[in-house]
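Now for the letters of each chain:
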Amino acid sequence: MADIFTAAFWNQYGALLWKEFIHTMVMTGVSTFFAYLIGLPLGVLLVLTADHGIRPHRILNQVVGWIINVGRSLPFIILMISIMDFTKLVVGTKIGVKGAIVPLVVSAAPFIARMVETSLAEVDAGVIEAAQSMGASTFQIVRKVYLPEAKPSLILGGSISVITILAYTAIAGAVGAGGLGDLAIRYGYNRRVASMLLVTIVILVLLVQIIQSVFSRLSTSIDKRLK
């Protein structure tokens with residue numbers, strides 16, 4: 001493993017590591033964006049339609065909750081394989097970066113929905129009631145009360161979501177999605193290049209630490225309770 005400190009190692013694998021690092025970041029970034037496009041509204045809907053919500057609707061809440069629970073219960077690699085035909089229909093391929101994004105979104109969106117639901121549920125009911133008494137519409141309450149008040153918690157939840165999706169990209173490498181996970185499997189495990197396995201692990205650990213640190217600082221900086 002000492003060869004990771006040599007020029008020969010980086011001359012041989014440096015370009016490949018950089019390429020797959022970019023692939024990992026693209027998969028994580030794009031998947032997070034689309035997963036939030038789906039998960040955020042679902043989380044808001046769960047809070048609004050809950051028994052104690054401002055627009056209670058038990059049947060709708062239970063149906064949406066059931067769909068989310070089903071999505072969360074499926075291990076990512078099983079979900080990825082089971083929806084390959086759907087993935088190809090959407091993006092035209094079952095493998096590679098594009099082929100990984102669809103299952104990443106499908107898997108992460110229910111997780112994000114629950115994270116959003118938990119964050120919004122922490123908003124003080126008195127603030128919601130005050131907004132209602134002033135005649136605010138449901139959309140106004142969501143946009144001007146729920147989301148701003150829950151912002152620190154949403155940001156912390158965002159860090160967990162991004163890190164989870166990053167971990168899923170590594171799993172996706174097992175079925176030809178590319179990225180750092182693919183390198184770890186192809187070179188670190190199949191070809192017994194221990195140095196490559198070590199480098200990919202270090203990069204992933206550093207990415208997790210950076211993401212957690214950035215989101216935590218951002219959450220702290222906008223948390224009114226800490227000022």
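Look up: the structure comes first, before these words.
The text that follows walks through the structure, step by step, so that each part is easy to find. (Residues numbered from 1 in each chain as written. Predicted model: local features only at pLDDT ≥ 70, side-chain atom pairs only at ≥ 80, totals over all residues. Heavy atoms only, no water.)

### Concerning the overall build of the protein chain
Counting its secondary structure elements, the protein chain contains ten helices and zero strands. The order of helices and strands in the protein chain, counted from the N terminus, is α-α-α-α-α-α-α-α-α-α. Dimensions of the protein chain along its principal axes, counting C-alpha atoms only, are 70 × 45 × 25 Å. A burial count over the protein chain gives 41% of its 227 residues as buried. A separation threshold of at least 6 residues defines the contact pool for the protein chain, and within that pool the share at least 24 residues apart is 71%. (Helix = DSSP H or I, 4+ residues; strand = E, 2+ residues; numbered from the N terminus. Buried < 20%, exposed > 50% of the residue type's maximum accessible area, 1.4 Å probe, protein only. Contact = heavy atoms within 4.5 Å.)

### Some words on the packing of aromatic side chains
Per the stated rule, a full pass over the model turns up four aromatic pairs. Between tryptophan 18 and phenylalanine 21, the aromatic rings sit 5.6 Å apart at their centres with planes inclined by 25°, giving stacked as the arrangement. Residue tryptophan 18 and its partner phenylalanine 21 are located together in helix 1 (residues 7-49), separated by three residues, close to a single helical turn. Aromatic side chains phenylalanine 76 and tyrosine 168 sit 4.8 Å apart centroid to centroid with 5° between the ring planes, which places their arrangement in the stacked category. Here the residue phenylalanine 76 occupies a position in helix 3 (residues 76-82), and tyrosine 168 occupies one in helix 8 (residues 151-172), the gap between them amounting to 92 residues. (Phe/Tyr/Trp six-rings, centres within 6.5 Å; stacked < 30°, edge-to-face > 60°.)

### Observations regarding the pattern of salt bridges
Scanning the model with the defined rule gives four salt bridges in all. Its salt-bridge partner being aspartate 51, residue arginine 58 comes within 3.4 Å of it at the nearest N-O pair. On the basis of relative accessible area, arginine 58 is assigned to the exposed category, the value being 52%. Classification of aspartate 51 by relative accessible area gives exposed; the value is 56%. The salt bridge involving aspartate 85 is made with lysine 94; its shortest N-O contact spans 3.3 Å. Given the relative accessible area of 58%, aspartate 85 is considered exposed. With a relative accessible area of 32%, lysine 94 lands in the partly exposed category. (Salt bridge = Lys/Arg side-chain N within 4 Å of Asp/Glu carboxyl O.)

### So, helix 5 (residues 96-121)
For helix 5, which comprises 26 residues, the first-to-last C-alpha distance of 38 Å matches the rise-based estimate of 38 Å (1.5 Å per residue) to within 8%. Of all the bends found along helix 5, the most pronounced is centred on alanine 108 and spans about 30°, while proline 110, a proline, follows it within four residues. (Expected span 1.5 Å × (residues − 1). Bend = angle between axes of the 7 residues up to and from the residue.)

### Considering the environment of tryptophan 18
Note on tryptophan 18: relative accessible area 56%, which makes it exposed. Sequence separation between tryptophan 18 and valine 193 is 175 residues; the distance between their C-alpha atoms is 17 Å.

### Side note on the nonpolar core
In terms of nonpolar packing, the biggest core is built from 29 residues, with Ala100, Leu120, Ile128, Ile141 and Tyr146 touching the most fellow members. Looking at this core, the elements with two or more residues in it are helix 1, helix 3, helix 5, helix 6 (125-133), helix 7 (138-149) and helix 8. Counting residues in hydrophobic clusters, the runner-up holds ten residues, among them Tyr13, Tyr187, Met196 and Val199. (Core = buried A, V, L, I, M, F, W, Y, C linked by side-chain atoms within 4.5 Å.)

### Describing the side chain of threonine 28
Mapped onto the fold, threonine 28 is located in helix 1. On the basis of relative accessibility, which here comes to 5%, the residue threonine 28 falls in the buried class. Not counting residues within four places of it along the chain, the set of residues in contact with threonine 28 comprises Val162, Ile165, Leu166 and Thr169.

### Considering helix 10 (residues 194-222)
Between the first and last C-alpha of helix 10 there are 43 Å, a value that for 29 residues agrees with the 42 Å anticipated at 1.5 Å per step. Where helix 10 is concerned, the buried positions are Ser195, Met196, Val199, Thr200, Leu207, Ile211 and Ser219. Structurally, helix 10 contributes buried residues whose contacts are with helix 1, helix 8 and helix 9 (180-190).

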